[in-house]
Amino acid sequence: MGDPCDIGRLPPWLRKGAGEAASTHAMKKRLRVRGLHTVCEEARCPNLGECFARGTAAIMIMGAACTRACRFCAVGTGILAPLNPMEPSRVAEQVREMGLGHVVITSVTRDDLADGGAAHFAATVSAVRERCPAAIEVLTPDFEGREGDIRTVCSAAPDIFNHNVETVERLSPSIRDRASYGRSLEVLAVAKALMSGGLIKSGLMVGLGESDEEVEDTIIDLAKIGCDVVTIGQYLRPTKANMPVARYVEPEIFRKYEAMGLKHGIKHMFCGPFVRSSYLADKALL
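Residues numbered from 1 in each chain as written. Predicted model: local features only at pLDDT ≥ 70, side-chain atom pairs only at ≥ 80, totals over all residues. Heavy atoms only, no water.

Right, let's get into the packing of helix H5 (residues 118-131) against helix H6 (residues 147-155). Running from N to C, H5 and H6 cross one another at 10 degrees; their axes reach a closest spacing of 8 Å. In terms of their interaxial angle, H5 and H6 are classed as roughly parallel. Contact residues: H5 offers Ala118, Ala119, Phe121 and Ala122, while H6 offers Asp149, Thr152 and Val153. Here the residues of the contact of H5 with H6 are counted per class, giving five nonpolar, one polar and one charged. (Axes fitted to C-alpha atoms, helices over the stretch in contact; angles between N-to-C directions. Helix = DSSP H or I, 4+ residues; strand = E, 2+ residues; numbered from the N terminus. Parallel < 35°, antiparallel > 145°, perpendicular 65-115°, else oblique. Contact = heavy atoms within 4.5 Å. Nonpolar A, V, L, I, M, F, W, Y, C, P; charged D, E, K, R; others polar.)

Structural data, given as C-alpha cells:
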C-alpha cells in the first residue's frame, strides 16, 4: 500500500483495511479458472480488497508481462506470451457470470505487437458487448501514437475510452518508460474525434514531486482536448524497486483539484487519496 519509509509514517487518511479475505480469495479463484489477470493484483492496488468484496475488478488482457518499465508501476516485465485467441470470449463470460453493469478492460503495454494489441482490445470489447449489457470502459496504452490502432479500438464502440497521462509534463520523461506527455494528449485527442457519443477519460497521480500549479496545468491541457472525466489519486510506492513518494497530499487538496477541473470545463472530476483510474469507475460515471 506504499512504503512508510519514504517520507515517514503513512498519515491517517492513507490507512486502509485489507478487505474481506474470503471474498478476495473467492474472486481470485473465479478469475484463475479462466486464466484471467487483473490490474488490481498485478499493480498491487491498495483498493483490491474493497473492490473484490464488491464483486468488481479491472480485467487485464494480453498477459501479465509489460514491454515497458515505468518507475511508478509494479507490473513486471518478462517473457511475453503470445495472445490467446480465446481470451476475449473468456473475459466476456467472466463479465456475464459476475453480472457486472460496468467493466474496465485494460492491458499491459505490448510494443512487441505490430498493432500494440489494438485488434485484441476490439475483439474483447465486441465479445463482451455480444454477451451482456455492461457499460464498457477501455483503459489503453498509447499504441505508440498510431492513429490507426486507436481507431481500431474505438471502432468497437466502448462507452468510455481511457488513457492516463499519469503525471505532469515536467516529470513524465523521468517517470514513464518510452511514453510522453504530448503523445498521451494526442491519443486522447484522436479518441475524442473518433468516439461518437462515448466519453474520454484520463488520470494522473500526485505525490511524485509535482506542484499544485503543474496539476492545474495538466487539468487545463486535458480540458482543451475535450476530456470528459479526470481522476487524480495519491501515488503509493508499490515496492522498494519503485520510486519513493515525494509527498502525501492532504484530502482538502484533492477537493481543490476537483474544483479546478470543474472550473476549467471537465465534466466530472474524481479525486481523492485512494482514487485510481478504474476505482469505483461505475460510480464515477454515474
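Right, let's talk about the pairing of strand E4 (residues 135-139) for a bit. Across the five residues that make up E4, a large majority, five, are buried. With burial as the criterion, each face of E4 is covered, one bearing Ala135, Glu137 and Leu139 and the other bearing Ile136 and Val138. Pairing geometry for strand E3 (residues 102-107) and E4, over five bridges, is parallel. Within E4, the position partnered with Val104 by the bridge is Glu137. Taking the sense of rotation as the criterion, the β-α-β connection linking E3, H5 and E4 turns out right-handed. Read as a crossover between parallel neighbours, the route from E4 over H6 to strand E5 (residues 160-162) is right-handed. (Buried < 20%, exposed > 50% of the residue type's maximum accessible area, 1.4 Å probe, protein only. Pairing = 2+ DSSP bridges. Right-handed = clockwise from strand over helix to strand, strands pointing away.)

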